[in-house]
Amino acid sequence: MANSFKYWDDCVDPRDMEAMWMDPEVFKEWTDVGETKGNKVHLSRDPDGQPYLTQIEMKAVAQIVVNRHLRLQLDTDMICALAEIESDRQLLVERYNKKIKESTVGIMQVLQTTAEMLFRDVGYRSYQIEGNPDLLYRPFVNIYYGAAYLKYLYGYDGKERDEEFIVRAFRGGPKKAAHKSTSEYFQRYLSVKQSLPSRKLLESRIPGNNLSVPDVGPVPKAGETWTYWDSRASAEDMEEMWRHPAVLKEWTKSGERRGRDENIQDVDETFSKHSSKSI
């Protein structure tokens, strides 16, 4: 296995580094601690010196992987919650399974044999994983194959599966998806998923929620009805829009904030100029 990674640049290719820098939240987190674009970016380390991804970094990698490889068909919060449970987002975790005599590896604790099956039989070939087990310690590769396995479970045995089946099968294999041994794991997953930063932010805006929410932004004038981007576009499309520098500038200039419904009445001209996606 890889002995260690000190920098993001040690385990991520230039294309992925550029994508990370383009994420506004990652950009802010990195620059706030003194990282600069064009120089190597330090990986965070826990008290034992093990490298890990912050929650912001984890969310960004999951979104990039899903948007690029899985055609927006997977919930990134599912990926992030499983990464929390499986490894605490640590890159180099390895656990030996006595029953199958094989180790699970990395952020999503992927089996080498599972990754090779997805590569060989299902067509997930963005990374040459066969014969290269050390690749699973790299964040984009590990999350790619972890997410690919989730997608594989979604349509397992020719049936459309629900979230509970997918999560429990991810833990114990499809045969254990309804077994009592994976029930507690699913409950833990639901709790972790609910506590993710993105979920907390969303819930703070639900009417009747007691959490205080400063500056909720512009509101419709009397007799005026607004249509929101979020009611017409997927969460992943919204993320892509926010990443576009021109859109980011125009929306923030008009008082919009990331994470809040964007008013189509105010920003539909920006959409027509800067995006070719249909909604």
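Rules of the game
- Within any chain, residue numbers begin from 1 and follow the written order of that chain's sequence.
- Local features in this predicted model are restricted to residues of pLDDT 70 or higher, and side-chain atom pairs are both shown and tallied only at a pLDDT of 80 or more, whereas totals for entire chains, interfaces and linings draw on every residue.
- Neither water nor hydrogens contribute to the side-chain values; these are computed over all heavy atoms in the structure.
- Think of it this way: any DSSP run of H or I at least four residues long counts as a helix, any run of E at least two long counts as a strand, and we number them from the N terminus.
- The span expected for a helix works out to 1.5 Å for each residue beyond the first.
- Buried means the residue's accessible area, taken with a 1.4 Å probe over protein chains only, is under 20% of the maximum for its type, while exposed means over 50%, and partly exposed covers the values in between.
- For helices, the axis comes from a line fit to the C-alpha atoms of the stretch in contact; other axes are also lines fit to C-alpha atoms, and the angle between any two N-to-C directions lies between 0 and 180 degrees.
- When describing relative orientation, an angle under 35 degrees is termed roughly parallel and one over 145 degrees roughly antiparallel, while 65 to 115 degrees is termed roughly perpendicular and anything else oblique.
- In this scheme, a crossing is called left-handed if the near helix is turned counterclockwise away from the far one by less than a right angle; it is called right-handed if the turn is clockwise.
- Residues count as neighbours in contact if any of their non-hydrogen atoms are within 4.5 Å of one another.
- We call Asp, Glu, Lys and Arg charged. Ala, Val, Leu, Ile, Met, Phe, Trp, Tyr, Cys and Pro are nonpolar, and the rest, Gly among them, are polar.
- In this description, strands pair whenever DSSP reports at least two bridges between them.
- Grid points spaced at 1 Å over the protein atoms alone were grouped into cavities, where a 1.4 Å probe fits but cannot get out, and pockets, open sets with protein on both sides within 12 Å along at least five of seven lines, with lining residues defined by an atom within 4 Å of a point.
- Grid points are joined across faces, edges and corners, and a volume is the space filled by probe spheres set on the points.
- Put simply, a nonpolar core is a bunch of buried Ala, Val, Leu, Ile, Met, Phe, Trp, Tyr and Cys residues held in one set by side-chain atoms that sit within 4.5 Å of each other.
- Note on scores: pLDDT gives the predictor's confidence for each residue, bounded by 0 and 100.
- Any Lys or Arg side-chain nitrogen located within 4 Å of an Asp or Glu carboxyl oxygen qualifies as a salt bridge.

1. Quick notes on helix α3 (residues 55-69)
Okay, so step 1: Its 15 residues give α3 an end-to-end C-alpha distance of 21 Å, which sits within 8% of 21 Å, the value for a rise of 1.5 Å per residue.
Okay, so step 2: Buried within α3 we find Glu 57, Met 58, Lys 59, Ala 60, Val 61, Ala 62, Gln 63, Ile 64, Val 65 and Val 66.
Okay, so step 3: Arg 71 sits one or two residues past α3 and shows a positive phi near 55°.

2. Side note on the packing of helix α4 (residues 76-87) against helix α8 (residues 183-195)
Okay, so step 1: It is at 9 Å that the axes of α4 and α8 come closest, and there the two elements cross at 115°. It follows from the interaxial angle that α4 and α8 lie roughly perpendicular. Our pair here, α4 against α8, has a crossing hand that is right-handed. Where α4 approaches α8, its residues Asp 77, Met 78, Ala 81, Leu 82, Glu 84, Ile 85 and Glu 86 are matched on the opposing element by Tyr 185, Arg 188, Tyr 189, Val 192 and Lys 193.
Okay, so step 2: When the residues that make up the contact of α4 with α8 are grouped by side-chain class, the tally is seven nonpolar, no polar and five charged.

3. Overview of the sheet that holds strand β3 (residues 94-97)
Okay, so step 1: Pairing within the open sheet is antiparallel, and its three strands lie in the order β3-β4-β5. Because the sheet does not close on itself, it has two edges, and the strands there are β3 and β5 (110-111).
Okay, so step 2: Where strand β4 (residues 102-105) and β5 come together, two bridges link them in antiparallel fashion. When the bridges of β5 are listed, Thr 104 appears paired with Leu 111.

4. Comments concerning the layout of surface pockets
Using a probe with the size of a water molecule, rolled over the atoms, empty space left in the structure can be pinpointed.
Okay, so step 1: As a volume, the second largest pocket reaches approximately 790 Å³.
Okay, so step 2: Considering the residues around the second largest pocket, the lining is formed by 24 residues, among which Asn 97, Thr 104, Phe 170, Arg 171 and Gly 172 are closest to the centre.
Okay, so step 3: Elements with a contribution of two residues or more to the lining of the second largest pocket: α4, β3, β5, α6 (139-154) and α7 (163-172).

5. Some remarks on the nonpolar core
Okay, so step 1: Residues Trp 8, Ile 79 and Tyr 145 are the most contacted members of the largest nonpolar core, which totals 65 residues.
Okay, so step 2: At the level of elements, α1 (14-22), α2 (24-32), α3, α4, α5 (112-122), α6, α7 and α8 are the ones that each hand at least two residues to this core.
Okay, so step 3: With 10 residues, α6 is the single largest residue contributor to this core.
Okay, so step 4: Sequence-distant contacts of Tyr 145, defined by excluding residues within four places in its chain, comprise Val 110, Ala 115, Leu 118, Phe 119, Tyr 124, Arg 125, Tyr 127, Ile 129 and Leu 136.
Okay, so step 5: Membership of the second largest hydrophobic core comes to five residues, among which are Met 238, Trp 242, Val 247 and Trp 251.

6. Section: the pairing of β3
Okay, so step 1: Judged from the four bridges that link them, β3 and β4 form a sheet pairing that is antiparallel. Bridge pairing in β4 links Tyr 96 to Ser 103.
Okay, so step 2: Counted between consecutive antiparallel strands, the loop separating β3 from β4 contains four residues, among which Lys 101 sits at a positive phi close to 55°.

7. Thoughts on the packing of α7 against α8
Okay, so step 1: Running from N to C, α7 and α8 point in directions that differ by 115°, and their axes come no closer than 9 Å. Taken together, the axes of α7 and α8 lie roughly perpendicular to each other. Considering the relative orientation of α7 and α8, their crossing is right-handed. For the pair α7 and α8, the contacting residues are Glu 163, Glu 164, Val 167, Arg 168, Phe 170 and Arg 171 in the first and Ser 183, Tyr 185, Phe 186, Tyr 189 and Lys 193 in the second.
Okay, so step 2: Grouping the amino acids of the contact of α7 with α8 by side-chain chemistry returns five nonpolar, one polar and five charged.

8. Examining the confidence of the model for the chain
Okay, so step 1: With 76% of its residues at a pLDDT of 70 or more, the chain shows a mean pLDDT of 82.
Okay, so step 2: Of the regions scoring below 50 in pLDDT, residues 202-227 engages in 27 contacts with residues more than four places distant in sequence or in other chains.
Okay, so step 3: Across residues 264-279, confidence stays below pLDDT 50; counting only partners more than four residues off in sequence or on other chains, it has 28 contacts.

9. Points about the side chain of Thr 76
Okay, so step 1: Summarising the element assignment, Thr 76 is placed in helix α4.
Okay, so step 2: Since its relative accessible area comes to 6%, Thr 76 is described here as buried.
Okay, so step 3: Those residues in contact with Thr 76, other than ones at most four positions away along the chain, are Lys 59, Ala 62, Gln 63 and Val 66.

10. As for the pattern of salt bridges
Okay, so step 1: Following the criterion strictly, the structure yields 11 salt bridges and no others.
Okay, so step 2: Ionic pairing is found between Lys 37 and Glu 18, a salt bridge with its closest N-O pair at 3.1 Å. Here Lys 37, found in the loop between α2 and β1 (44-45), pairs with Glu 18, found in helix α1; they are 19 residues apart in sequence, far enough to count as distant.
Okay, so step 3: Look at Glu 18 and you get partly exposed, because its relative accessible area is 35%.
Okay, so step 4: Between Glu 164 and Arg 168 there is a salt bridge, with the nearest N and O atoms lying 2.8 Å from each other. Residue Glu 164 and its partner Arg 168 are located together in helix α7, separated by four residues, close to a single helical turn.

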